[in-house]
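# Report on the structure
The lines below spell out each chain.
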Amino acid sequence: MATFAASPLPSKSFILRASCPAIRGVVAGATSMLFEQGCYISEMAQFDDQETARFFMRAECEIQGDATLEQIREHFVPVAERFQMEWSIRDAAEPVRVLIMVSQFDHCLDNLLYRHRKGELKMQITAVVSNHLDLRPMAEREGLRFIYMPVNKDNKAQQEKALLDVIKETRTELVVLARYMQILSNDLCEQLRGRVINIHHSFLPGFKGAKPYHQAHARGVKLIGATAHYVTADLDEGPIIEQAVQVVDHSYSPEDLTSIGRDTETVALSRAVKLHIEQRVFLDGNKTVVFK
């Protein structure tokens, strides 16, 4: 007689993030609670920063019992209080709400839209905001809301307030500066700490100005690089999430370097966005802990 295995109970996946002072019993406390609630841990990573005496943990779990996600959260509260945790439990199927800001360069926006369309980035794009109209057709082709916010020295504060209103209205969780060529104010950076990712070229030495790749060519650089980081009041000095490099040599023209630079920028930015929306990045002072 044929036998058939019983259908498995419906399962629900979630991601647990936690950071706390590095003390004994943290992992045991968290995993014991998850086990008691019928959760299976499919992936887990942890790191103890001995310099800051801070502990970081990320776990992907599946509920295989009857508990709901809200019940899991409720049962985790005593554990979090015991170990003084900063923590979150997020439905793994829930896309992160992302607002993208651009100016006139299109390569980073185009790459993010492509990866989103292909299902590589689990995000919901709430709007595309720009201080220029050049990329409006690109956004609207994807059916995205395009918001034109021109910025000058006289209206900067007013436009940043309008931006915060849009972020609140759309319940945006992450802002991505996809070659947005305006400096955010210190106040805005502080309000959005850990929620804004920027991309910029990075060389040794660091070239500033409108044509960094031409400067790089004049100095004979051997590596083209790009850095994705969280935005802080210190321009281009925020906690680094991801970097990308490509080897070059004397035969590359400024135009070649510019093209390669575009590629490295798109790679570094898309990787950083993916790491963030997968809840893999933790702020640790002026650096990050990234569980890849």
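Residues numbered from 1 in each chain as written. Predicted model: local features only at pLDDT ≥ 70, side-chain atom pairs only at ≥ 80, totals over all residues. Heavy atoms only, no water.

### A closer look at the packing of aromatic side chains
On inspection of all chains with the given rule, the structure shows 3 aromatic pairs. Between F76 and W87 the ring centres are 5.0 Å apart and the planes differ by 55°, which places this aromatic pair in the tilted class. Taken together, the residues F76 in helix α2 (residues 69–83) and W87 in strand β4 (residues 86–91) connect sequence positions 11 residues apart. On the basis of relative accessible area, F76 is assigned to the buried category, the value being 0%. Within the aromatic cluster, the residues linked to one another by ring pairs are F56, F282 and F291. The aromatic ring of F282 is capped on one face by R17, whose charged end is 4.1 Å from the ring centroid. (Phe/Tyr/Trp six-rings, centres within 6.5 Å; stacked < 30°, edge-to-face > 60°. Helix = DSSP H or I, 4+ residues; strand = E, 2+ residues; numbered from the N terminus. Buried < 20%, exposed > 50% of the residue type's maximum accessible area, 1.4 Å probe, protein only. Lys NZ or Arg CZ within 6 Å of the ring centre and 35° of its normal.)

### Some points on helix α1 (residues 26–36)
Within α1 the residues assigned to the buried category are V26, G29, A30, M33 and L34. Down the axis, α1 shows its buried residues gathered within 125° of arc, on one side only. In α1, the exposed positions that point more than 90 degrees away from the buried face belong to F35 and E36. Along its buried surface, α1 packs onto β1 (12–21), β2 (39–49), β3 (54–63) and α2. Backbone geometry just downstream of α1 places G38 in the positive-phi region, at approximately 75°. (Arc of directions from axis to C-beta. Contact = heavy atoms within 4.5 Å.)

### What about the sheet that holds β4?
Across the sheet, 4 strands lie side by side as β2-β3-β1-β4; this open sheet has antiparallel pairing. The outermost strands of the open sheet, each flanked by one partner alone, are β2 and β4. Put simply, the sheet's adjacent strands are angled 10° from each other on average, direction ignored. Across the sheet, α1 is in contact with β1, β2 and β3; its angle to β2 comes to roughly 170°. Packing against the sheet, α2 makes contact with β1, β2, β3 and β4, and its axis sits at approximately 165° to β4. (Pairing = 2+ DSSP bridges. Axes fitted to C-alpha atoms, helices over the stretch in contact; angles between N-to-C directions.)

### Points about the nonpolar core
One finds V98, I100, L109, L112, I197, L269 and I277 to be the most contacted residues of the largest nonpolar core, which totals 34 residues. Counting residues per element, this core draws most heavily on helix α8 (residues 254–277), at 6 residues. For L112, the residues in contact, after removing those within four places along its chain, are I100, L121, M123, V176, A178, L269, S270 and V273. (Core = buried A, V, L, I, M, F, W, Y, C linked by side-chain atoms within 4.5 Å.)

### Topic: the confidence of the model for the protein
The predicted model of the protein averages 92 in pLDDT, with 95% of residues at 70 or higher. The low-confidence segment residues 1–10, where pLDDT is below 50, has 3 contacts with residues more than four positions distant or belonging to other chains. (pLDDT = per-residue confidence, 0-100.)

### Considerations on α8
Here α8 spans 34 Å end to end across 24 residues, near enough to the 34 Å set by a 1.5 Å rise per residue. The positive-phi residue at the C-terminal boundary of α8 is Q279, with phi of around 60°. (Expected span 1.5 Å × (residues − 1).)

### Observations concerning the sheet that holds strand β11 (residues 240–247)
The 7 strands lie next to each other as β7-β6-β5-β8-β9-β10-β11, forming an open sheet whose pairing is mixed. Each end of this open sheet is capped by a strand with a single partner; those strands are β7 (146–148) and β11. Averaged over all pairs of adjacent strands, the angle between strand axes in this sheet comes to 20°, irrespective of strand direction. Bridge analysis of strand β5 (residues 96–102) against strand β6 (residues 123–130) gives 7 bridges, and the strand direction is parallel. The residue of β6 that forms the bridge with L99 is A127. Across the sheet, helix α3 (residues 107–117) touches β5, β6, β8 (174–177) and β9 (196–202), and the angle it forms with β6 is around 160°.

### Some details on the environment of H75
Structurally, the position occupied by H75 is in helix α2. You can call H75 partly exposed: its relative accessible area is 40%. Considered as a pair, H75 and E36 are 39 residues apart in the sequence and their alpha carbons are 9.7 Å apart. Not counting residues within four places of it along the chain, the set of residues in contact with H75 comprises M33 and Q37. Among the polar contacts listed, one links the side chain of H75 to the backbone oxygen of Q71, at a separation of 2.8 Å. (Polar contact = N/O pair within 3.5 Å; in protein donor to acceptor, adjacent residues only side chain to side chain.)

### Details of the pattern of salt bridges
Taken as a whole and judged by the stated rule, the model has 21 salt bridges. Here E86 ties to R54 by a salt bridge, and the two come within 3.7 Å at their closest N and O atoms. In this pair, E86 is assigned in strand β4 and R54 in strand β3, connecting sequence segments 32 residues apart. Overall, the relative accessible area of 57% leaves E86 in the exposed class. Residues participating in the shared-partner salt-bridge network are E43, R58, E60, K274, E278 and R280. (Salt bridge = Lys/Arg side-chain N within 4 Å of Asp/Glu carboxyl O.)

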